[in-house]
Amino acid sequence: MSFTLDPNIANLETVGELLEHLGDIPAHRVLWKPYPGTATERDVIAVEGALKKRLCELVDGTLIEKAAGFYESRVGGIVTHFIERYVEQHDLGASFGPDAPWRILPRRVRMPDFSFVSWEKMPNRELSPESITSLIPDLVGEVVNIDNSRREMEWKRRDYFQGGVRLAWEINPRTQSAGVYTSPDQFQEIDLNGSLDGGDVLPGFTLSLRRLFDRAGRQHGA
């Protein structure tokens, strides 16, 4: 049986090289079937709809399972709640949760933990009928999990901004801090006394990190 490998990994020779290329991804998050380098968007949809309901991103023909955590899900859900409440009040657009797949770039499907798209990108306020949308969100957010390496997060940011995202938030529950990014490398570090700010993307929106983590509750052992 022959396979057509994604050109970005066709010359890799070891599993270690593959994991490093993908952003120092832990091996348990890289799906072996379909074989790395051969996966397509159809596979992203198939594994999400399968019995195990795995949420996977697509990077260079490889399915990478989203890093998931109970507490991280709680934090992401609260942020989504506040964003949705704000955009409803001000009629700005639509928010999405962690299972929304975005075709950020060719051969790149990303699933941020939360995201926002303005009505300006959706004529007549009609959402895409595609299972994977070509819309580019204005705002994306990631709640950093212990399984997310520094290189993986850097690569995600690079993809987001190259694709056209305008603002990215990275929330770290372990340090109760966040980074507000306006480009892959330009950011403001926010501590527990600071607030997430919507800037030009969500004018007037702020969310205190203290309020966020008070609402989320304490993480066991933290």
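The structure reproduced in this document is the subject of the present report. In this text, all values refer to a predicted model and were calculated from it rather than measured experimentally.

Criteria and thresholds
- Residues numbered from 1 in each chain as written.
- Predicted model: local features only at pLDDT ≥ 70, side-chain atom pairs only at ≥ 80, totals over all residues.
- Heavy atoms only, no water.
- Phe/Tyr/Trp six-rings, centres within 6.5 Å; stacked < 30°, edge-to-face > 60°.
- Core = buried A, V, L, I, M, F, W, Y, C linked by side-chain atoms within 4.5 Å.
- Buried < 20%, exposed > 50% of the residue type's maximum accessible area, 1.4 Å probe, protein only.
- Helix = DSSP H or I, 4+ residues; strand = E, 2+ residues; numbered from the N terminus.
- Arc of directions from axis to C-beta.
- Contact = heavy atoms within 4.5 Å.

**Brief notes about the packing of aromatic side chains**
Enumeration over the complete set of coordinates arrives at 6 aromatic pairs. Counting every residue linked through ring pairs, the aromatic cluster contains Y86, F114, W169 and F205.

**Observations concerning the nonpolar core**
Ranked by internal contacts, the top residues of the largest apolar core, which has 27 residues, are I83, W169, I171 and L212. Where this core is concerned, the elements lending two or more residues are α3 (70-90), β6 (114-118), β7 (139-143), β8 (167-172), β9 (177-181) and α5 (209-216). Ranked by residues supplied to this core, first place goes to α3 with 8 residues.

**Quick notes on α5**
All buried positions along α5 are accounted for by L209, L212, F213 and A216. One side of α5 holds all its buried residues, which, seen down the axis, span an arc of 85°. Opposite the buried face of α5, by more than 90 degrees, sit the exposed residues D214 and R215. Next to the buried residues of α5 lie α3, β8, β9, β10 (187-190), β11 (195-197) and β12 (206-208).

**Examining the environment of P98**
Of note, P98 is situated in the loop between β3 (93-96) and β4 (102-105). Considering only alpha carbons, one finds P98 and D24, 74 residues apart in sequence, at a separation of 22 Å. The residues touching P98, leaving out its near neighbours within four places in the chain, are L55, K66, M111, P112 and D113.

So yeah, pure geometry; function would need other evidence.
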